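So the chains spell out like this:
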Amino acid sequence: MASCTAEAVRLHDGQDAFIAETGLGFQFLFALYENVQRQPTTPEDVAGYASYIGDPDFPIFADADGVLRDATPMTQQTHPEVCALSDELEILDCTTGHGGFESMLDTIRSHAGL
């Protein structure tokens, strides 16, 4: 299993643990930019990927048009990329690389005063 995919699999348990620890309403949002052939991702790609990583209870979006790239500091050049958002959908911080979601959870904790 590729390292990005292995990290995606970890998100489900990470999400549940974060909610149990903090009591915050929280959910990962996941976006795919391209499929395994490096073509723009489609809804079919997303469905297959969701199944492959165990059908998580967070949404997975197809972002072939780069909507997230255009609306955030994410560049789609480094994978994985992750941003922490407030309840008001304000970008708190973004990072790249494996394990980045853990530092973004720390950002959310800090923003919530925990």
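Draft legend 1. Representation of the overall build of the protein in the model. Counting its secondary structure elements, the protein contains four helices and four strands. For the protein, the N- to C-terminal ordering of α and β elements is α-β-α-β-α-β-β-α. Over its C-alpha trace the protein gives a radius of gyration of 14 Å, about what one expects of a compact globule, namely 13 Å for 114 residues. Judged by the C-alpha coordinates and their principal axes, the protein covers about 45 × 30 × 20 Å. For the protein, buried positions account for 35% of its 114 residues. Put simply, the protein shows about 6800 Å² of open surface, and 52% of that area lies on carbon and sulfur atoms. In the protein, 4 side chains carry a positive charge and 19 a negative one; their mean positions are 7 Å apart.

Draft legend 2. Main features of a nonpolar patch on the surface. Together, Leu29, Phe61, Leu85, Leu89 and Ile91 make up an exposed nonpolar region whose accessible area comes to about 470 Å². Given a relative accessible area of 43%, phenylalanine 61 falls into the partly exposed group.

Draft legend 3. Spotlight on the confidence of the model for the protein. The pLDDT averaged across the protein works out to 86; a share of 98% of its residues lies at or above 70. When mean pLDDT is compared element by element in the protein, helix α2 (residues 43-52) scores highest at 92, while strand β3 (residues 81-85) scores lowest at 83.

Draft legend 4. Examining the side chain of glutamate 81 more closely. For glutamate 81, the position within the fold is in strand β3. One buried charge, glutamate 81, has no salt-bridge partner; the nearest side chain with opposite charge is arginine 69, at 8.8 Å. Leaving out residues up to four positions away in the same chain, glutamate 81 has contacts with Tyr33, Met74, Thr75, Gln76, Thr95 and Thr96.

Draft legend 5. Structural detail: the pairing of β3. The element β3 is largely enclosed, with a buried count of four among its five residues. By the bridge criterion, five bridges tie β3 to strand β4 (residues 91-96) in an arrangement that is antiparallel. Bridging across to β4, alanine 84 finds its partner in aspartate 93. Where β3 hands over to β4, the hairpin turn is made up of five residues, of which leucine 89 adopts a positive phi near 65°.

Draft legend 6. Representation of the nonpolar core. Counting 19 residues, the largest nonpolar core has Phe28, Phe30, Tyr49, Ile60 and Leu105 as the members making the most contacts within it. Counting residues per element, the ones that place at least two in this core are α1 (3-22), β1 (30-32), α2, β3 and α4 (100-111). Per-element tally for this core: the top contributor is α4, with four residues. Discounting residues that sit within four places of it in the chain, isoleucine 60 has contacts with Phe30, Leu32, Val46, Tyr49, Ala50 and Ile53.

Analysis parameters
Residues numbered from 1 in each chain as written. Predicted model: local features only at pLDDT ≥ 70, side-chain atom pairs only at ≥ 80, totals over all residues. Heavy atoms only, no water. Helix = DSSP H or I, 4+ residues; strand = E, 2+ residues; numbered from the N terminus. Rg over C-alpha atoms; globule rule 2.2 N^0.38 Å. Buried < 20%, exposed > 50% of the residue type's maximum accessible area, 1.4 Å probe, protein only. Areas by Shrake-Rupley, 256 points an atom, 1.4 Å probe, with all protein chains shown as cover. Lys, Arg positive; Asp, Glu negative; His and termini not counted. Charge placed at Lys NZ, Arg CZ, Asp CG, Glu CD. Patch = residues over 30% accessible without salt bridge, like charges linked within 9 Å, V, L, I, M, F, W, Y side chains within 5 Å. Salt bridge = Lys/Arg side-chain N within 4 Å of Asp/Glu carboxyl O. pLDDT = per-residue confidence, 0-100. Contact = heavy atoms within 4.5 Å. Pairing = 2+ DSSP bridges. Core = buried A, V, L, I, M, F, W, Y, C linked by side-chain atoms within 4.5 Å.

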